[in-house]
Amino acid sequence: MTNRKLILENGIVFEGQAFGSDLASDGEVVFTTGMTGYQETLSDPSFAGQIVTMTYPLIGNYGINRDDFETIDPAIKGFVVRELAQTPSNFRCDTTLDEFFKMKKIPGIEGIDTRKLTRLIREMGSIKATLTAAGEEVVVEEVVAKLKSTTFPTNQVEQVSTKTPYPSPGRGKKVVLMDFGMKHGILRELNKRDCDVVVVPYNMPAEEILALYPDGIMLSNGPGDPKDVPVAIETIKNLIGKVPMFGICLGHQLFALACGADSFKLKFGHRGANHPVKELKTGRTELTSQNHGYAIDPASLEGTSLEVTHLALNDGTIEGLKHKEYPVFTVQYHPEASPGPEDSNHLFDKFIELMNVDTRKEQHHA
């Protein structure tokens, strides 16, 4: 196999073997701790612009199949693994990870010490990095200087959101799903409950959304800093109180900012399928799937209409909010759990019930 380097902004170099595309790539290098579910991970739009490190040592052992994608075109900038399985074995396997990355023009590197890299990210925080072109000899100092002077794009949501509205029909509640980088798992859960879904772009104005006469509005997950999407924050401000809403991950953060709260960047983020979260009302702890680099500042909730509903047991950060007056609730984690545990799947049922209650209210007043 051809050699390739992963060069960090601080000058640390990891040497390994190239797979996937031969092209070079720059991005923020992050790690995720899921033991399985690499296909869902690499196709999660929330990883847009990032070089993803898998902490589990063997990746690719069940190949790539047609069913487990979270989006059709992955937005990651690279993939880092300890060992790449060359001959996957699974009855659903359609192609190998190497072949898939070649087709999608995504570079990968294997054979490096992913434990060391993960420790570095935990110590230093998420860091800019370059995956060199396969077989290319580079001057490390020049690559580092370029990385230090490079500012990565902040329009990740624009890159991954749908450009035009489209339906995912059902005969149940009418849901408008604002796509900030939606995982298909969210759409699957709504369809499973027979919702009549219309997926709309991140920048659709509130009046156009309300003109679809939804029973509820879903705020999807997505990549990057919520403060980089001011148009969505303004839209959500104009939607609060009109219909029930449910926000996930970036949708949770955007809703909080729309209510006057503030966000901050976590040192190395929460990414993995095993994060314990406590629901404050019941005391119940659920294992959750997470993928985010930002969180809501607890101090900023004072004076807002927001109430904390869930906390992360690992570091105490906010994992869930609800509006004190209107039927709106949000979670920082992924209840559709793709990949991951399904402990929190019931939140979709809660959303359906909110819409039912709201509809009955309207009928009663009529």
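Our structure's up above, just so we're on the same page.
If you're wondering where the values come from, they're calculated on a predicted model, not measured in any experiment.

Enquirer: I tried to follow the sheet that holds strand 17 (residues 306-312) on my own but got confused; where do I start?
Expert: Sheet strands associate in pairs through backbone hydrogen bonding, adopting either a parallel or an antiparallel arrangement. Across the sheet, ten strands lie side by side as 10-12-11-13-14-19-18-17-15-16; this open sheet has mixed pairing. Since the sheet does not close on itself, it has two edges, and those belong to strand 10 (166-168) and strand 16 (285-296), each with one partner. Neighbour-to-neighbour, the strand axes of this sheet turn through a mean angle of 25°, independent of strand direction. Strands in contact with helix 9 (residues 250-258) are strand 13 (216-219), strand 14 (245-248), strand 15 (263-279), strand 16, strand 17, strand 18 (318-323) and strand 19 (328-331); relative to strand 16, the strand with the most contacts, it is inclined by about 60°.

Enquirer: Before we go on, may I ask you to explain a nonpolar patch on the surface in this structure?
Expert: The grouping of Met35, Tyr56 and Leu58 at the surface amounts to a nonpolar patch, some 270 Å² of accessible area in total. Relative to the assigned elements, Tyr56 resides in the loop between strand 4 (50-54) and strand 5 (58-59). Looking at Tyr56, the relative accessible area reads 32%, which means it is partly exposed.

Enquirer: What is the right way to read the nonpolar core from this model?
Expert: Note that soluble globular proteins tend to have their nonpolar side chains buried in a common cluster. The biggest cluster of nonpolar side chains holds 34 residues, and the ones touching the most others in it are Phe180, Ile217 and Ile236. Taken together, the elements giving at least two residues each to this core come down to strand 11 (174-179), strand 12 (196-201), helix 7 (206-210), strand 13, helix 8 (230-239), helix 9 and strand 18. It is helix 9 that provides the largest number of residues to this core, a total of six residues. Among all residues touching Ile217, those that are not within four sequence positions of it are Val176, Met178, Ile209, Leu239, Val243, Pro244, Met245, Phe246 and Phe351. Listed in part, the 22 residues of the second largest apolar core include Ile186, Cys195, Val277 and Val331.

Enquirer: Got a minute to help me understand the pattern of salt bridges in this structure?
Expert: Any two side chains of opposite charge can pair, so long as their charged atoms come close to each other. Taken as a whole and assessed by the stated rule, the structure comprises 16 salt bridges. The salt bridge involving Arg92 is made with Asp68; its shortest N-O contact spans 2.6 Å. Of the two residues, Arg92 is situated in the loop between strand 7 (83-84) and helix 2 (97-104) and Asp68 in the loop between strand 5 and strand 6 (78-81); the sequence distance between them amounts to 24 residues. According to the relative accessible area criterion, Asp68 is buried, its value standing at 15%. Ionic pairing is found between Glu234 and Lys237, a salt bridge with its closest N-O pair at 3.8 Å. Here Glu234 and its partner Lys237 are both found in helix 8, three residues apart, which amounts to about one turn of the helix. Take Glu234: its relative accessible area is 41%, and that puts it in the partly exposed class.

Enquirer: Teacher, can you tell me more about the sheet that holds strand 1 (residues 3-8) here?
Expert: One closed barrel holds the seven strands; their spatial order is 1-2-8-6-4-3-9, and the pairing between them is mixed. Averaged over all adjacent pairs, the angle separating strand axes in this sheet is 35°, with direction ignored. Summarising the sheet, strand 3 (residues 25-32) and strand 9 (residues 127-131) pair through five bridges and their orientation is antiparallel. Its bridge partner being in strand 9, Val29 is matched across the sheet by Ile127. Each of strand 2 (13-20) and strand 6 is contacted by helix 2, which is oriented at about 85° to strand 2, the strand it contacts most. Along the sheet face, helix 3 (residues 114-124) touches strand 1, strand 2, strand 3, strand 4, strand 6 and strand 9 and points at about 90° away from the line of strand 3.

The rules we used
Here the residue numbering is sequential within each chain, running from 1 through the sequence in written order. For this predicted model, a pLDDT threshold of at least 70 governs which residues receive local features, and a threshold of 80 or more governs which side-chain atom pairs are given and counted, while totals over whole chains, interfaces and linings are taken from all residues. Calculated side-chain values reflect all of the structure's heavy atoms, with hydrogen atoms and water omitted. When DSSP finds two or more bridges between a pair of strands, those strands are recorded as paired. Only DSSP runs of H or I reaching four residues or more are called helices, and only runs of E reaching two or more are called strands; each is numbered from the N terminus. To define axes, lines are fitted to C-alpha atoms, for helices over the stretch in contact only, and angles between the resulting N-to-C directions are given on a 0 to 180 degree scale. Here a residue-residue contact requires only that any non-hydrogen atoms of the pair lie within 4.5 Å. The residues that make up patches have over 30% relative accessible area and no salt bridge, and they are joined within 9 Å when like-charged or within 5 Å when they are Val, Leu, Ile, Met, Phe, Trp or Tyr. Using a 1.4 Å probe, the Shrake-Rupley method yields the accessible areas, and only the shown protein chains count as cover for residues. Whenever a carboxyl oxygen of Asp or Glu lies within 4 Å of a side-chain nitrogen of Lys or Arg, that contact is scored as a salt bridge. Summary of the burial criterion: residues with accessible area below 20% of their type's maximum are buried, those above 50% are exposed, and those between are partly exposed, where the area comes from a 1.4 Å probe applied to protein chains only. The criterion is simple. A nonpolar core is a set of buried Ala, Val, Leu, Ile, Met, Phe, Trp, Tyr and Cys residues joined through side-chain atoms within 4.5 Å.

These values are about where atoms sit, not about what they do.
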